[in-house]
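One letter stands for each residue in the lines below.
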Amino acid sequence: MSKSKIWSSNSIFILAAAGSAVGLGNIWKFPYMVGSNGGSAFVIVYLLFIFIIGLPVMASEILIGKYGRKSPVNSLKKISLDFQLNVRWKYLGVLGALAGVLILSYYSVFAGIAFSYIFNIFPLGLENPSEYSTNYFSSLAASPLRLIFWHSIFMLFTCAIVGYGVIKGIGRSVSFLMPIFFVFIILIAIYSSITGDMNSTLSFLFSPKFSALTPGVIISAMGQAFFSLSIGMGAIMAYGAYIPENQLIGKTVLSIILLDTFVALIAGIAIFPIVFGNSELVVNAGPSLIFETLPVAFYSLPFGSIFSILFFILLSIAALSSAISLLEPFTAWMEEKTKLKRKMVVSLLGILIWFIGLGSIFSFNIWSDLEFKGFNFLSGLDYLTNNIMLPLGGAFIAFLTGWFLPKEFIRKSLNINYFLFNIFFFCLRYISAGAIVLIFVYSVL
Ligand code: PHE
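Residues numbered from 1 in each chain as written. Predicted model: local features only at pLDDT ≥ 70, side-chain atom pairs only at ≥ 80, totals over all residues. Heavy atoms only, no water.

1. What about the pattern of salt bridges?
Close approach of charged atoms lets side chains of opposite charge pair.
Then step 1. Here the structure, examined in full by the defined rule, presents 6 salt bridges.
Then step 2. Put simply, R342 and E328 hold a salt bridge, and the shortest N to O gap is 3.0 Å. Residue R342 is found in helix α15 (residues 342-364), and its partner E328 is found in helix α14 (residues 304-338); the two are separated by 14 residues along the sequence.
Then step 3. The class for R342 is buried, based on a relative accessible area of 12%.
Then step 4. For E328, a relative accessible area of 2% gives the class buried.
Then step 5. Taking the shortest distance from any N to any O, the salt bridge between R411 and E408 comes out at 3.1 Å. One end of the pair is R411 and the other is E408, both in helix α17 (residues 407-414) and 3 residues apart, which spans about a single turn.
Then step 6. A residue is classified by how much of its surface remains accessible, and R411, at 14% relative accessible area, is buried.
Then step 7. A single salt-bridge network, built from bridges that share partners, covers E328, E335 and R342. (Salt bridge = Lys/Arg side-chain N within 4 Å of Asp/Glu carboxyl O. Helix = DSSP H or I, 4+ residues; strand = E, 2+ residues; numbered from the N terminus. Buried < 20%, exposed > 50% of the residue type's maximum accessible area, 1.4 Å probe, protein only.)

2. Quick notes on empty space enclosed by the protein
Then step 1. In the structure shown here, the tally under the stated rule is 2 cavities of 30 Å³ or more.
Then step 2. Volume-wise, the largest cavity comes out at about 130 Å³.
Then step 3. Along the wall of the largest cavity there are 18 residues; nearest its centre are S20, Y107, F227, S230 and L326.
Then step 4. Put simply, the parts of the chain that give the lining of the largest cavity at least two residues each are α1 (10-21), α2 (24-36), α5 (90-116), α10 (215-229) and α14.
Then step 5. In terms of residue class, the lining of the largest cavity is made up of 10 nonpolar, 8 polar and no charged.
Then step 6. Estimates place the volume of the second largest cavity at around 40 Å³.
Then step 7. Around the second largest cavity, the lining residues are P72, L76, L92, G93, G96, G232, M233, G234, M237, G393 and I397.
Then step 8. If you list the elements that add at least two residues to the lining of the second largest cavity, you get α4 (72-82), α5 and α16 (377-404). (1 Å grid on protein atoms, 1.4 Å probe; cavity = no way out; pocket = protein on both sides within 12 Å on 5 of 7 lines; lining within 4 Å. Points joined across faces, edges and corners; volume = space filled by probe spheres on them. Nonpolar A, V, L, I, M, F, W, Y, C, P; charged D, E, K, R; others polar.)

Shown next, in the form of structure tokens:
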């Protein structure tokens, strides 16, 4: 493989993978999932899943991508052929590529909303900023045209970057934007915890309340762990194809996971003190939570509108660096399969995804009454992708590395000592694969 096809340094791979992992999942989704699922019970199970399921599955994905050096579908095909396994393992890559397309269709709608908030500057002298904020979100959600506009803009950006190619497009931009984002979100968390209700926040997030632990909460926590780490659909596998030959996978995975978890928890600490300190805002508001709360915090700040603009610019960029990794697996696969030019593949896919996204947009307004078994288009798609497709993909990845590929090959590829490896392998073989299947069967039944 030529030099130009490898990330230019080890830290660029970490930043790109962290760029994929850190996004709306941490800042937008994690807080509202915690809020809607009763707080600490969700947080504790989530953290557990991140380490016992997320870590082994992410390491497996990188290992397969690095071995194959191709799109997830073809890396899976290569590894199964080389080790005399059934070539149908490649369909795992197909499932993932599809999941990416489906997730991107609604991810882009929310990323578009985040983008539109760059231009949402509250008028001065409001008596009740929380009420203004809630009304603002409702009126945006009620307007299909405004949502379509922002969704289209976000899809255009995503397609432009992916069309330009992974190495040139992604590597460079993440290396300086991600660090700025981290610093910024930490500053907001500090500000919220000083001005808002920090005591209620800490007990809501961390004091164990196991009575709140229902099967529904466990499934959602697992789905969120997969979603937040970008695993189970090949995004990290696709990036793994470009990892430098000598980079240590174990250490790399640990850095990505810690970063991702840190940002999610910090986002919680930035949002909840505002919610608890403000009687107009409710903790279980659902997907609108951050869009209703954060502007209120910015409003009370000196030069708040500047902070607000900056924050939503950075959030949009974090969303963009995740969105490109949702599109990459399908694009890379089609590029290898059809001989079409990358830009052509991306344009066609982009139009398809944009179109599916309309369903999610209409779920807010003209289709809001359209329900099937309690799900509307958006919540159904969210459930299908996060709670079914990603865990299913993750389970198969864990089966492939834990049960089918030679153990010694895995150990050598990970390059860690025997002691750590044995713990890792035990988790991979019994806990990750087993837990996913158990929870999964339970949820489907
Ligand atoms: N992890 C991303 C986020 O938190 C979303 C994502 C999911 C990206 C799956 C790629 C694959 O925003």
